[in-house]
Number of protein chains: 2
Amino acid sequence: MKAALGAYFDAMNAGDTAKLKSMFSDDAMIEDPFGTPLRTSNAFFDRLATVKLNFKILAVTAPAMPTAAAAVNLTTPHGTLTVIELFTFKPEGNISSLKAYWGSDDRKQ
Amino acid sequence: MKAALGAYFDAMNAGDTAKLKSMFSDDAMIEDPFGTPLRTSNAFFDRLATVKLNFKILAVTAPAMPTAAAAVNLTTPHGTLTVIELFTFKPEGNISSLKAYWGSDDRKQ
């Protein structure tokens, strides 16, 4: 699971939309930020495809359950942001859900 | 919410069981680690009261929802551990749930 998170953030930093989509199950849903409407992973990564993002991992943990969590510093064209993300996995190993915990207060200029 | 998390980890580091209990709602439940049975916050902190713990905050984020997340390094008498924790809050401001995401793989000797 930790290896999958490493691969996920590598693909994010490379802007590799096809790879990102392939890492998620067909029915995967993304809630980013937490508290906003769910989007399908395909819609989410299509929307991100034109934005240059850089993720730096601060911490990754993997409970015994099919889940993992990461704290990251995200640099966007508009500034940097601290985000904590929760991932769940299908038995086959692809990601079935992603919830990103951050708020406007977590932005730094 | 971020201030509440700072106060929570300060009370953890001080071993202040009474303060910790007072920060949680009467019906608060704790799942630590995620995937194990829920415990009441009172039972959880009674059990921790004899263990010397030190938390160092790596990252804290606060979505617009009544929730917050933290990544911490935890030092125990048995070693160190990276943990990601999710908190939810009552409208009155006390903590209503805590889920701690970590696994045996997140221990360092």
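Residues numbered from 1 in each chain as written. Chains lettered and ligands numbered in written order. Predicted model: local features only at pLDDT ≥ 70, side-chain atom pairs only at ≥ 80, totals over all residues.

Overview of the relation of the copies chain A and chain B
Least-squares fitting of chain A to chain B yields an RMSD of 0.0 Å, with the superposition described by an axial translation of 0.0 Å and a rotation of 180°. Taken together, these values place the two copies in the relation of a two-fold axis. It is A71 of chain A whose C-alpha, among those of chain A, lies nearest the rotation axis, at 3.2 Å. Both copies present the same face, since 100% of the interface residues in chain A are matched by interface residues at the equivalent positions in chain B. (Least-squares fit on C-alpha atoms with pLDDT ≥ 70 in both. Contact = placed C-beta atoms within 7 Å.)

Quick look at the nonpolar core
Core analysis: the largest hydrophobic core is formed by 55 residues, its most contacted members being A68, V83 and I84 of chain A together with L5, A68, V83 and I84 of chain B. Those residues within four positions of I84 of chain A in sequence are excluded, and the remaining contacts are A69, A71 and Y101 of chain A together with A59, T61, A69, A71 and I84 of chain B. (Core = buried A, V, L, I, M, F, W, Y, C linked by C-beta atoms within 7 Å. Buried ≥ 20, exposed ≤ 12 C-beta atoms within 10 Å, placed from the backbone.)

Overview of the interface of chain A and chain B
Counting from both sides, the interface comprises 21 residues of chain A and, opposite them, 21 residues of chain B. Counting residues per element, the ones that place at least two in the side of chain A that touches chain B are β3 (54–61), β4 (67–76) and β5 (79–89) of chain A. In terms of residue class, the side of chain A that touches chain B is made up of 14 nonpolar, five polar and two charged. (Helix = DSSP H or I, 4+ residues; strand = E, 2+ residues; numbered from the N terminus. Nonpolar A, V, L, I, M, F, W, Y, C, P; charged D, E, K, R; others polar.)

Section: helix α3 (residues 41–48) of chain A
One turn of an α-helix holds 3.6 residues; hence residues three or four places apart share an orientation. All names here are of chain A. Restricting attention to buried positions, one finds in α3 the residues S41, F44 and F45. For α3, the angular spread of buried residues about the axis comes to 90°, placing them on one side. Exposed residues on α3 whose side chains face more than 90 degrees from its buried face are A43 and R47. Check the buried side of α3 and you find it contacts α2 (17–22), β1 (24–31) and β2 (39–40). (Arc of directions from axis to C-beta.)

Examining the environment of I57 of chain B
Along the chain, the position of I57 of chain B falls in strand β3 (residues 54–61). Taking the C-alpha atoms as reference, I57 of chain B lies 14 Å from F87 of chain B; in sequence the two are 30 residues apart.

As for the confidence of the model for chain A
Residues at a pLDDT of 70 or more form 99% of chain A, whose mean pLDDT is 94. Reported for the predicted complex are a pTM of 0.93 and an ipTM of 0.90. (pLDDT = per-residue confidence, 0-100.)

Structural notes on the pairing of strand β6 (residues 95–101) of chain A
Residues and elements named next belong to chain A. Sheet analysis places β1 next to β6, joined by four bridges and oriented parallel. From the neighbouring strand, E31 faces β6, where its bridge partner is K99. As consecutive antiparallel partners, β5 and β6 are separated by five residues, and within that stretch G93 has a phi angle of approximately 110°, a positive value. (Pairing = 2+ DSSP bridges.)

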